[in-house]
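Topology and contacts: notes
Spelled out, the chains give:
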Amino acid sequence: MGAFAVDRRGDGPARSDTRADGDVESNSERTFLRVDGMHSATCEAFLEGVATTRDGVLGAEASYVTETIRVEYVPGTVTESDLADALTGAGYTAYPREEELVETDPRRSAAGAQRNPSPHDERGLGDMLGYRYAAGVLFGTFLLLPYVALLYPTHLAALVDWPILDIYSGTVSFDQRGGYGALRLFALVSGIVLVFTGLPLLRGAYVSLKTRRPDTNLLVATTVVAAYLYSIAAGLSGRTDVLFDLTVVVAAAVVAAVFYESLSKQRAMDRLTELTVAQVDEATVVHPEGPTRTVPVEEVEAGDRVLVREGERAPVDGVLGEGTCTVDESVVTGESLPAFKTAGDEVVGGSVVLDGAALLEASDGAGSSVDRLVTAVWELQSATHGVQRRAYVLVGATAALLAFLATFVVACPWALGLAGPLSVATSIEEALRRGIVVFDETVFERLRAVDVVVFDKTGTLTTGEMHVVEADLPEAALGAAARLERRVSHPVADAIVSAADADTASTDGGVTDERDDDGAETGSDDAAVESFESYPDGVGGVVDGSEVLVGHPDRFDAEGWTVSADLAERVERARGFGRLPILVGREGRAEGVVVVGDEPREGWDEAVAGLAERGIEVVVLTGDDEAATDYFRDHPGVTHVFAGVPPAGKTETIRRLQREGAVTMVGDGTNDAPALAAADLGISLGSGTAIASDAADLVVVEDDLAAVARAVDLARAAGRRLAWNTRFALVYNGVALPLALAGLLNPLLVMGAVAASGGLIGANSARDLPE
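Along each chain, residue indices are assigned from 1 in the same order as the chain's sequence is written. For this predicted model, a pLDDT threshold of at least 70 governs which residues receive local features, and a threshold of 80 or more governs which side-chain atom pairs are given and counted, while totals over whole chains, interfaces and linings are taken from all residues. Note: side-chain values were computed over all heavy atoms of the structure, leaving out hydrogens and water.

1. What to know about the overall build of the protein
- When its secondary structure is counted, the protein shows 26 helices and 32 strands.
- Residue exposure (1.4 Å probe, protein chains only): buried if accessible area is under 20% of the type maximum, exposed if over 50%, otherwise partly exposed. The buried share among the 771 residues of the protein stands at 54%.
- A separation threshold of at least 6 residues defines the contact pool for the protein, and within that pool the share at least 24 residues apart is 68%.
- To measure how exposed things are, a 1.4 Å probe is used in the Shrake-Rupley method; for residues, cover is taken only from the protein chains shown. By element, 53% of the accessible surface of the protein is carried by carbon and sulfur atoms, the whole surface being about 31,700 Å². Where helices and strands are cited, they refer to DSSP runs of H or I of at least four residues and of E of at least two residues respectively, numbered from the N terminus. By definition, residues are in contact when any of their heavy atoms lie within 4.5 Å.

Structure, rendered in structure tokens:
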């Protein structure tokens, strides 16, 4: 495996030296390349071998599950472009992982980018497979016509004594049926199918032999090549038991199955919408003496002053230089509530400035926390190896060339190359119909082995959106609070305003207050806000002649306002559920409480109970404090709850759980991505970020948590389907081998065995899996 040793339990790469994980030698760099065309552990070994033979490459590690190869190299000796060129060929296309992101907004520092599954569209690869399959059908039909009209009746006449077959009876040499000209034509037509249609199989067999890792490509290629050579030798000997039809039918059928599998995967990719990610490409740098410039993020240096406007993402980590602002750091921290920042506070790159503008002083090693999360995901993905499905060829030889080749024809279980792709393709299609998007054929295998399912709380088990869950105060007080909250941009403020608007709409037929882009009030029942003041934990002012205060209980204490014992008790009770209590008061006294929270997602309890019923442990993981998890801790299906866990801690928690068994992680945010990549299987919600989706192996399109249990059921059913397909694949050998041993290797019976084996596989694959 090159310079790296791999722990295949999913704990990530372990290097051969004693450097800290994630570091590289001081004179080396690391790049991550996406490689289209990887489909097995054999591909991993082949590409690692190609990379490490290049001068200046210190080590390489590939993963076909994520189609990623990580290469550590010495700059100046070899470039990233050189590496991509070296790895492109033999059916593979390599390119930097960064090319998966495309711009969507001219203000790149504000909007980030969108996920582009592949700039080298896999649809082109599928189209090429389609052309190969079409060629196989066309030339195969041309070849099989004389078989059906002439050769098959001849072989049948040798088995049965039917009068209708008398004209075909007797010992007939190939020369009597048209001479060597017919043999040349048969060899040409089947050769075209073998080389053009079967090229992916031959190429896979070559890689398999080169890496000394036999797989199903080698099985199929051995069968079709042996049948082709056998046919030529038999024809030159004047015999009619030629197996050109076996070469054509097997090559076309297996490529058709691979083509179908490719189309299923492409449909799975098309099912996902483009999702916004939090990476930022440019930064606005403010110079004390000179103009403000927009520069690439990589040119930002420590100490540079970076301007982040309201609504934009911070391009780098930094310290707030002056003033105050409110930022949403959930993309990195997972915290559902925004954070209020004052001068001197740290602001993480990737967070969104919600209120005001931020002037940041870039930190040492200027960069974004989101960028580091992405790199961490790629690190983990490049070490996520699939299961090697090895195949062993039954080899026997005799002194005679025909007997030697016939051994491969009858003993090689080529139908395994048909069983796998058909099983995968139909299972992917079944998953799509059930709102589950699967990109990788090993997902079903890993999902069947799962012991623990870990749910992220915020945005996964909960909606991730703040709204008022309880409002116990006079209607006039709620309206006054809303008029003040319209002056700020904050999720809690938006929740209070929405609640007040809904209350107003229910009482006066739908007339609600609104605000324009500057925060100024509009609306038919507009009441004058005579003064306004914003605090780190609330707002205050004079509304319609009355002094109003809205905010955290600590703000009421700081301002000397009265809070009754009953209200204080309700505040503490709300905190116990992990919600945010907001007091509202007028004229020096608190009049009521508004409870804002991130509510559990609909159906979460049934989803947890369903997994528990299937013998799977459920763990809840969150960056929120203990109080926010009580709601889930009391559920009988939840085994453990880990609270106050930062993103790096989530990955470490996954690794610790993996010591006890296979772990599946379910999340939706960028901060979940490293944990999703580290888990044995990652599941992302369809509404999640692109980084989360990219790190995951399976996506639930409709954000339906019950789909996780359905996916487990589907995986188990898919496993049973694959097991039966494997049995049916051996029907061919079960028929052909005894015939060969008995000296009755009749091409008609051989094709009958092919039809029986392939037909059983196709019928079993087409069967709908149980709901």
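2. Regarding the pattern of salt bridges
- The term salt bridge refers to a side-chain nitrogen of Lys or Arg lying within 4 Å of a carboxyl oxygen of Asp or Glu. Under the criterion given, the structure shown has 17 salt bridges.
- A salt bridge links R555 to E559, with the nearest nitrogen and oxygen atoms 2.8 Å apart. Residue R555 and its partner E559 are both found in helix α17 (residues 553–559); the two are separated by four residues, about one turn of the helix.
- Through salt bridges with shared partners, a single network forms among E430, R433 and R434.

3. Considering the sheet that holds strand β10 (residues 293–296)
- Spatially, six strands are ordered β10-β9-β11-β17-β12-β15 in an open sheet, and the strand pairing comes out antiparallel. Two strands in the sheet have a free side with no partner beyond their single neighbour: β10 and β15 (346–347).
- Summarising the sheet, strand β11 (residues 305–308) and strand β17 (residues 358–362) pair through four bridges and their orientation is antiparallel. Its bridge partner being in β17, R305 is matched across the sheet by E361. Two strands pair if DSSP finds at least two bridges between them.

4. So, unusual backbone geometry
- Despite not being glycine, R212 shows a phi value in the positive range, around 55°.
- By secondary structure assignment, the location of R212 is in the loop between α6 (199–210) and α7 (216–236).
- One non-glycine residue, D544, lies in the positive phi region at around 55°.
- Here D544 lies in the loop between β24 (538–543) and β25 (546–551).

5. Quick notes on the environment of H467
- The residue H467 is located in strand β20 (residues 462–472) in this model.
- Note on H467: relative accessible area 31%, which makes it partly exposed.
- Between the C-alpha atom of H467 and that of A493, which follows or precedes it by 26 residues, the distance is 9.4 Å.
- Filtering out sequence-adjacent residues up to four positions away, H467 remains in contact with A495, V595, V596, G597 and E599.

6. So, the packing of α6 against α7
- Think of each axis as a best-fit line through the C-alpha atoms, taken over the contacting stretch in the case of a helix, with angles from 0 to 180 degrees between the N-to-C directions. It is at 8 Å that the axes of α6 and α7 come closest, and there the two elements cross at 120°. Considering the angle they form, α6 stands oblique to α7. Classified by chirality, the crossing of α7 by α6 is left-handed. Along its contact with α6, which presents P200, L201, L202, G204, A205, S208 and L209, the element α7 presents N217, L218, V220, A221 and V225. Roughly parallel refers to an angle under 35 degrees, roughly antiparallel to one over 145, roughly perpendicular to one between 65 and 115, and oblique to any angle outside these ranges. What makes a crossing left-handed is the near helix being turned counterclockwise from the far one by less than a right angle; a clockwise turn instead makes it right-handed.

7. Here we look at helix α19 (residues 604–613)
- Along α19, the residues classified as buried are W604, A607, V608, G610 and L611. Seen along its axis, α19 keeps its buried residues to an arc of 160°; they face one direction. The exposed set on the far side of α19, more than 90 degrees from its buried face, consists of E606 and E613.
- Two residues or fewer past α19, G615 is found with a positive phi of approximately 80°. Here, the arc refers to the directions that run from the helix axis to the C-beta atoms.

8. Description of the packing of helix α24 (residues 706–729) against helix α26 (residues 747–766)
- Where α24 contacts α26, the two axes come as close as 8 Å, and the packing angle between them is 170°. Classified by the angle between their axes, α24 and α26 sit roughly antiparallel to one another. Across from R721, W724, N725, F728 and A729 in α24, the residues of α26 making contact are S757, L760, I761, N764 and S765.
- Split by residue class, the contact of α24 with α26 holds five nonpolar, four polar and one charged. For this classification, Asp, Glu, Lys and Arg are treated as charged, while Ala, Val, Leu, Ile, Met, Phe, Trp, Tyr, Cys and Pro are nonpolar and the rest, including Gly, are polar.

9. Observations concerning the packing of aromatic side chains
- Stacked, tilted and edge-to-face pairs are distinguished by plane angle, under 30 degrees for stacked and over 60 for edge-to-face with tilted covering the rest, among Phe, Tyr and Trp rings (Trp via its six-membered ring) whose centres lie within 6.5 Å. Counted by the stated rule, this structure contains seven aromatic pairs.
- Each ring, one from F556 and one from W561, has its centre 5.8 Å from the other, and the planes form 85°; the classification is edge-to-face.
- Classification of W561 as buried rests on a relative accessible area of 11%.
- One aromatic cluster in this structure is built from F186, Y228 and F244.
- Any Lys NZ or Arg CZ found within 6 Å of a ring centre and within 35 degrees of that ring's normal is scored as a charge over the ring. Directly above the aromatic system of W724 lies the positively charged group of R727, at a separation of 4.6 Å from the ring centroid.

10. With respect to the environment of G667
- Inspection of the secondary structure puts G667 in strand β30 (residues 663–667).
- G667 gets classed as buried once you look at its relative accessible area, which sits at 0%.
- Those residues in contact with G667 that lie beyond four places of it in its chain are D456, T460, D672, L676, I683, S684 and L685.

11. Some remarks on a nonpolar patch on the surface
- Surface patches are defined over residues having more than 30% relative accessible area and no salt bridge, joining like charges when they lie within 9 Å and nonpolar side chains (Val, Leu, Ile, Met, Phe, Trp, Tyr) when within 5 Å. Taken together, Y131, F142, L185, L188, I192 and F196 make up a surface patch of nonpolar side chains, about 570 Å² in accessible area.
- Counting only elements with at least two residues in the nonpolar patch, the list comes to α4 (122–157) and α5 (179–197).
- A total of four residues in the nonpolar patch trace back to one element, the largest contributor, which is α5.

12. Some thoughts on the sheet that holds β25
- Read across the open sheet, the six strands follow the order β20-β27-β26-β25-β24-β23; overall the sheet is antiparallel. Bordering the open sheet on either side are β20 and β23 (529–535), each of which pairs with just one other strand. Put simply, the sheet's adjacent strands are angled 15° from each other on average, direction ignored.
- Both β23 and β24 contribute to a ladder of six bridges, which runs antiparallel. Residue pairing across strands places E533 opposite G540, the latter belonging to β24.
- Along the sheet face, helix α15 (residues 475–485) touches β23, β24, β25, β26 (580–586) and β27 (589–600) and points at about 110° away from the line of β24.

13. Concerning the nonpolar core
- Residues Y147, F244, L246, V409, W414, Y732 and I761 are the most contacted members of the largest nonpolar core, which totals 48 residues.
- Residue contributions to this core peak at eight residues, all from helix α8 (residues 244–271).
- Residues in contact with V409, not counting those within four places in the same chain, are T223, A226, A227, L243, L246 and Y732.
- Each nonpolar core is a collection of buried residues, namely Ala, Val, Leu, Ile, Met, Phe, Trp, Tyr and Cys, held together in the definition by side-chain atoms within 4.5 Å. Among the nonpolar cores identified, the runner-up in size contains 39 residues, and V638, L681, V708 and V712 belong to it.

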